[in-house]
Amino acid sequence: MSGKTLAEKLLSAKSGTDARAGDYVEADVDVAMAHDITGPLAFQTFDEVTGDDGELFAPDRTVFTIDHHAPADGVQAANNHNAVREFAAKHGAHQFDVGDGICHAVLVEEGFVGPGDLVIGADSHSTTYGGIGAFGTGVGSTDLGTALATGELWFRVPKTLRFEVDGDLQDGVYAKDLILRFIGDVGFDGCTYMAAEYAGSTIESLPIHERLVLSNMAIEMGGKTGLVAPDERTESYLERQTGNEIDLSDAFVSDDDADYEAVHTYDAAALAPQVSKPSNPENAVDVTEVAGTEIDQLFVGTCTNGRYEDIKIVADILAGETIAPNARMVVVPASKSVYQHMLQTGVFQTLTDAGAVIQSAGCGPCAGYHQGVLGDGDVCLATANRNFPGREGSMESSVYLSSPATVGASALYGEITDPREVETKRYDDTVFAEVLP
Amino acid sequence: MTDAFAGDGGRPDPAEPGRAWVFGDNIDTDQITPSRFIVSSDPDELATHAFEDLRPDFSEAVETGDFVVAGENFGSGSSREHSPLSLVGAGVSAVVAQSFARIFFRNAINLGLPVLICPGADAIEDGDEIHVDLDAGVVTNHTRDETYEAEALPEFLQSLVEQGGLKAYTKAKLDG
């Protein structure tokens, strides 16, 4: 019998079985999360299955955020926010409010998730937690509502698609370019029902905020989760960031003889910056193919690339410069702590001097609700994760996806620009910790 | 919540023929339920906006017992249960697609909305009259006098459905 993948080991541990791909298991959930869009439906399910006197399986490991329509852009959104506040207060769960940030940023920054955890979120980008070695996966509201009551949920143990990357990335090339290339290669549904696993010397040398980018967008190839084996980098990041003691002695890695659905190998040095053309993330091409495309709006933010390091890369490029007159830039930090870092380090000033609009932390215009919705004919270059028809507004608008560096370079010229033509920086995880109070 | 939401007798019977509304590949949740409408969790209200940008005539013209038919990767994108819920609210009898995105598939089963993986679904044209035999896993096209085989639900899911869906299953577990 072959060895086991990381995904199989994680679900074996959480289900108390010898789980193999294809098995159905009921597994113990460590952390459950929902937000202002998916929470209200999950609360209905919870109330329905528990009656009026329901108790959460673990209030201290249940987290609710208000991030999608925050601040409220209408009465229904405001009512949803109140529903989240009331449910969280009634049941003693953790709750983050308007301006605190996007669920996936908050859960990592605040130390709610750690290596080996099984994390379910009523949000498809819950795959993000795989970047620190947790089995993070997105579920619907009925799944979440029942799990809030029982602390358990059923899973089909996924096969694994492994992406092995070796070598050094070129200047101006980042994790975002890697994941757009992976999605382009396997397709938008190429990892459906499967786990993605990222490995190789390039991945090992990536700081945690970059690993989170890879895991975050596993869902854009249909992935159930996107895993990076936790290592000393994970340990030191989490200890520095959250103050939690991290014990990696029980952490998992895939066996050498694990059975993969397929292994895709890459030479990091050969990868050019990538841009996904409208209207699907799988339309990834080298930036040179679309260079010169005129841009109306630049959007920096989201659970994919709204971290401090991402925004700082853009600010470095725009320092002392002005955004091209044909373009406007919207910046939405992923969390309040990113926002505060931007204020403390001058990034905020640099960006506003260059002409950017900076909004409170949250999801911003990513899903087309508010804070920078696109009109007919608008073309946007975004650090976001999705560019479906109408995703950021009008069905007649179009969205290109890229790394923050590509957005920064493109802001200078008002057209898609190869970031290798400007000076770009690369940050390790300590830059975020530097100014912590 | 309406009866339909509970996945019980309020649902239309897929064995009864209905109109096929045919969509293409990679229909994502933004196209099923545009994000500006998902501040609501009410199936009836969501139904009035189903496919609103993609196919503005759908919500007005769809009738209880109609079918949604699609290509590959139906329901991709977000985890919003509002998407299958809008189809429940619209009275859609079942969704037949060549393949589904994982979370949509899970959500639909949890809501009691039958979903069938049917590789031959691309032979169905918009407006065809079809019905579905859920037990046999067969889609019948009355307009073209054809049948297409669908994949059977895995045993585990079948048992979940037979126990009345995830909510009923969970209630029983909590009471047990």
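Here the residue index of a chain counts from 1 through its sequence in written order. Going through the entries in the order they are written, you letter the chains from A and number the ligands from 1. Side-chain atom pairs in this predicted model are given and counted only at pLDDT of 80 or more, local residue features only at pLDDT of at least 70, and totals for whole chains, interfaces and linings cover all residues.

Draft legend 1. Structural view of the overall build of chain A. Only DSSP runs of H or I reaching four residues or more are called helices, and only runs of E reaching two or more are called strands; each is numbered from the N terminus. Looking only at helices and strands, one finds 16 helices and 18 strands in chain A. Using C-alpha atoms as the atom set, the radius of gyration is obtained and then compared with a globule rule of 2.2 Å times the number of residues to the power 0.38. Expected size for 437 residues packed as a compact globule is a radius of gyration near 22 Å; at 21 Å, chain A falls within 12% of this value. C-alpha atoms of chain A, sized along the principal axes, occupy 55 × 55 × 45 Å. Across the 437 residues that make up chain A, the buried fraction comes to 61%. The burial label depends on the number of other C-beta atoms within 10 Å of a residue's C-beta. Counts of 20 or more mean buried, 12 or fewer mean exposed, and intermediate counts mean partly exposed, with C-beta atoms placed from the backbone.

Draft legend 2. Spatial organisation of the nonpolar core. Definition of nonpolar core: a set of buried Ala, Val, Leu, Ile, Met, Phe, Trp, Tyr and Cys residues joined via C-beta atoms within 7 Å. Within the largest apolar cluster, 181 residues are counted, with the highest numbers of intra-cluster contacts made by V95(B) and V96(B). Each of domain 1 (6–266) and domain 2 (275–427) of chain A gives at least three residues to this core. Note: domain ranges come from an automatic or database domain assignment.

Draft legend 3. The arrangement of the sheet that holds strand β2 (residues 67–70) of chain B in detail. Residues and elements named next belong to chain B. Strand pairing is defined by DSSP finding a minimum of two bridges between the two strands. A sheet is described by the order of its strands in space; here seven strands give the open sequence β4-β3-β2-β1-β5-β6-β7, paired in mixed fashion. Two strands close off the open sheet at either side, each with one partner strand: β4 (115–117) and β7 (146–149). For this sheet, the mean inter-axis angle between neighbouring strands, taken without regard to orientation, is 30 degrees. Bridge count for strand β6 (residues 138–141) against β7 is four bridges, and the pairing is antiparallel. For helices, the fitted line uses only the C-alpha atoms of the stretch in contact; every axis is such a line through C-alpha atoms, and the angle between N-to-C directions lies from 0 to 180 degrees.

Draft legend 4. Looking closely at helix α13 (residues 336–345) of chain A. Of the positions making up α13(A), those classed as buried are K336(A), S337(A), V338(A), Y339(A), H341(A) and M342(A). For α13(A), the elements touching its buried residues are α4 (103–109), α12 (308–318), α14 (347–354) and α16 (430–433) of chain A. Contacts here follow a simple rule: the backbone-placed C-beta atoms of the two residues must lie within 7 Å.

Draft legend 5. The pairing of strand β2 (residues 31–34) of chain A, seen in detail. All names here are of chain A. Burial of β2 is two-sided: the residues V31 and M33 facing one way and the residues A32 and A34 facing the other way are all buried. Bridging between β2 and strand β5 (residues 118–121) involves three bridges; their strand directions are parallel. Bridging from a neighbouring strand, A32 pairs with I120 of β5. Where β2 meets strand β3 (residues 62–65), three bridges bridge the pair, whose relative direction is parallel. From the neighbouring strand, M33 faces β3, where its bridge partner is V63. Orienting the strands away from the viewer, one traces the path from the first strand over the helix to the second; a clockwise path indicates a right-handed crossover. The handedness of the β2 to β3 crossover, carried by helix α2 (residues 39–50), is right-handed.

Draft legend 6. Just the interface of chain A and chain B, in detail. Counting residues at the interface gives 43 residues for chain A and 36 residues for chain B. Of all the secondary-structure elements, those providing two or more residues to the side of chain A that touches chain B are α2, α3 (75–91) and α5 (141–150) of chain A. Per element, the largest residue contribution to the side of chain A that touches chain B is seven residues, and it comes from α2(A). Residues were grouped as follows: Ala, Val, Leu, Ile, Met, Phe, Trp, Tyr, Cys and Pro as nonpolar; Asp, Glu, Lys and Arg as charged; and all remaining residues, including Gly, as polar. Its residues assigned to classes, the side of chain A that touches chain B comprises 16 nonpolar, 20 polar and seven charged.

Draft legend 7. Quick look at the environment of L157(B). Residues and elements named next belong to chain B. The residue L157 is located in helix α6 (residues 155–162) in this model. Given 16 C-beta atoms within 10 Å, L157 falls into the partly exposed group. Taking C-alpha positions, L157 is 18 Å from V138, a pair spaced 19 residues apart along the chain.

Draft legend 8. Representation of the pairing of strand β3 (residues 94–97) of chain B in the model. Residue and element names in this part refer to chain B. Neither face of β3 is open: one carries A94 and V96, the other V95 and A97, and all of them are buried. In terms of strand pairing, β2 meets β3 through four bridges, oriented parallel. By the bridge assignment, V69 is partnered in β3 with V96. Taken together, β2, helix α4 (residues 82–89) and β3 constitute a β-α-β crossover, and its handedness is right-handed. Direction of pairing for β3 relative to β4: parallel, over a ladder of three bridges.

Draft legend 9. Main features of the domain arrangement of chain A. All names here are of chain A. Assigned domains of chain A: these are domain 1 (6–266) and domain 2 (275–427). Using C-alpha coordinates to define each centre, domain 1 is positioned 24 Å away from domain 2. Counting residues at the interface gives 33 residues for domain 1, matched by 31 residues for domain 2. Only α4, α6 (175–186) and α8 (208–216) provide two or more residues apiece to the side of domain 1 that touches domain 2. Here the element with the most residues in the side of domain 1 that touches domain 2 is α6; it accounts for six residues. Residue composition of the side of domain 1 that touches domain 2, by class: 11 nonpolar, 13 polar and nine charged.

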